[in-house]
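Survey of secondary and tertiary structure
Residues per chain, in single letters:
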Amino acid sequence: MLRSCATRLRALAVPPARRPGAVWRLFSSEKVIPKDYGLPNPSWSKDLRLLFDQFMKKCEDGSWKRLPSYRQNPTQTLKDFQTRFVDPRFMNEEQVSKAQQFSRSLEEGLGFEYVMFYNKVEKKMVCLFQGGLHLQGVPGFVHGGAIATIIDVTTGMCAIAEGIAMTANLNIDYKKPIPLCSVVVVTSQLSKTEGRKLFISCTVQSVDEKTLYTQATALFIKLDPDKRLT
Ligand SMILES: CC/C=C\C/C=C\C/C=C\CCCCCCCC(=O)SCCNC(=O)CCNC(=O)[C@H](O)C(C)(C)COP(=O)(O)OP(=O)(O)OC[C@H]1O[C@@H](n2cnc3c(N)ncnc32)[C@H](O)[C@@H]1OP(=O)(O)O
């Protein structure tokens, strides 16, 4: 398993800016096309590609939607969020412009490789996740903090589908270690809403659904537009 992961990573020896789909600066207009990280790349295993294809098929009737995923939030989304929730005294424009989504900040194939699909009717978010070699905790297995991250991101996107929300509580039961470079399915579902509180359940399972690696519950709170975060 580790060997095949390393083989795929050798295909990534091309600098990021030269890879197809990477962020390109077009010199004439300085227009920047952000890369969508929720699409296959050479580091994706056969398992991840197969599952991706299966979910793309489910998208054809409109019941599921693939979520595009970027390193940086779209400018307008970021502006709206800051204007509504952040005290301007605590904003550092330079830092904000350089900041990246944590789960997308590692090199392709070595960190979090994932794509998410959302079913609006079922209020369900599915994340197909392959944890790379730089996410190691116990030798050969994915670090518990990395597992918590992918759960937070998946439950978080499930919550954000209801409105801008932040994690207030995350409870995780680690039941079996997740082998590095393997593919797992993270499924989260909105189970209950009480006012601004969103209760979300989550499982991390093997592709064949025979192994339950991790189970979690999360509480997200929809942000109150009358309260600043800082
Ligand atoms: C945020 C997204 C922004 C933009 C989206 C754009 C693009 C998306 C792209 C990528 C996103 C990727 C997904 C990322 C997901 C990651 C999410 C995070 O990791 S967030 C970071 C960790 N969380 C925090 O730092 C939050 C820190 N806490 C707070 O800021 C506040 O506590 C809060 C959560 C904002 C809540 O404060 P409020 O003043 O708004 O609420 P309260 O009046 O205190 O409480 C309301 C209600 O909720 C109950 N409650 C609050 N906290 C808890 C808790 N820990 N446990 C249980 N219950 C809690 C409280 O008792 C109240 O209940 P009620 O009285 O019954 O109404």
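Owing to the predicted nature of the structure, the values given are computational and were not obtained by experimental measurement.

1. Observations regarding the site of the ligand
Taken together, 20 residues are adjacent to the ligand, and Asp152, Thr167, Arg196, Lys197 and Lys227 come closest. Between the ligand and Asp152 there is a distance of 2.7 Å, counted from an oxygen atom to a side-chain nitrogen or oxygen. Lys197 places a side-chain nitrogen or oxygen 2.8 Å from an oxygen atom of the ligand. Protein coverage of the free-state accessible area of the ligand, which is 1,400 Å², stands at 55%.

2. Overview of the UniProt feature "domain: Thioesterase" (unreviewed entry) in the chain
Mapped onto the present numbering, the UniProt feature "domain: Thioesterase" (unreviewed entry) falls on residues 140-211. A helix fraction of 24% and a strand fraction of 44% characterise residues 140-211, whose end C-alpha atoms lie 17 Å from each other.

3. Let's talk about the sheet that holds strand E5 (residues 124-131)
One open sheet accounts for seven strands, arranged E3-E4-E5-E7-E8-E9-E6; its pairing is antiparallel. Only two strands of the sheet have a single neighbouring strand rather than two, namely strand E3 (64-67) and strand E6 (165-174). Neighbouring strand axes in the sheet, compared pairwise and without regard to direction, differ in orientation by 20° on average. Sheet topology note: the E5/strand E7 (residues 183-194) ladder contains seven bridges and is antiparallel. Bridge pairing links Val126 to Thr187 in E7. Contacting E3, strand E4 (112-119), E5, E6, E7, strand E8 (197-206) and strand E9 (212-222), helix H5 (residues 144-160) runs over the sheet at an angle of about 135° to E6.

4. Some remarks on a nonpolar patch on the surface
On the surface, a nonpolar cluster with roughly 210 Å² of combined accessible area is contributed by Met157, Ile160 and Ile164. Assignment of secondary structure puts Ile160 in helix H5. Note on Ile160: relative accessible area 38%, which makes it partly exposed.

Calculation criteria
Each chain carries its own residue numbering, running from 1 in the written order of its sequence. pLDDT decides what is reported in this predicted model: residues at 70 or higher carry local features, side-chain atom pairs at 80 or more are listed and counted, and totals for whole chains, interfaces and linings draw on all residues regardless. With hydrogens and water excluded, all non-hydrogen atoms of the structure serve as input to the side-chain values. Note on definitions. A residue lies near a molecule or strand when any single heavy atom of the residue is within 4 Å of it. In the analysis that follows, any N or O atom pair within 3.5 Å is treated as a polar contact, provided that within protein one partner can donate a hydrogen and the other can accept it, and provided that, for residues neighboring in sequence, both atoms belong to side chains. Under the convention used here, a 1.4 Å probe and the Shrake-Rupley method define accessible areas, while residue burial counts only the protein chains that appear. UniProt positions are given in the numbering used here, feature names are shortened, and annotations may be inferred rather than shown by experiment. What counts as a helix is a DSSP run of H or I of at least four residues, what counts as a strand is a run of E of at least two, and both are numbered from the N terminus. Following DSSP output, two strands are said to pair if at least two bridges run between them. Fitted lines through C-alpha atoms give the axes, limited to the stretch in contact for helices. The angle between two N-to-C directions lies from 0 to 180 degrees. For this analysis, residues touch if any pair of their heavy atoms sits within 4.5 Å. To count toward a patch, a residue needs a relative accessible area above 30% and no salt bridge. Like charges then connect within 9 Å, nonpolar side chains (Val, Leu, Ile, Met, Phe, Trp, Tyr) within 5 Å. By salt bridge we mean one thing: a side-chain nitrogen of Lys or Arg within 4 Å of a carboxyl oxygen of Asp or Glu. Exposure categories follow from relative accessible area, calculated using a 1.4 Å probe and restricted to protein chains: below 20% of the type maximum is buried, above 50% is exposed, and the middle band is partly exposed.

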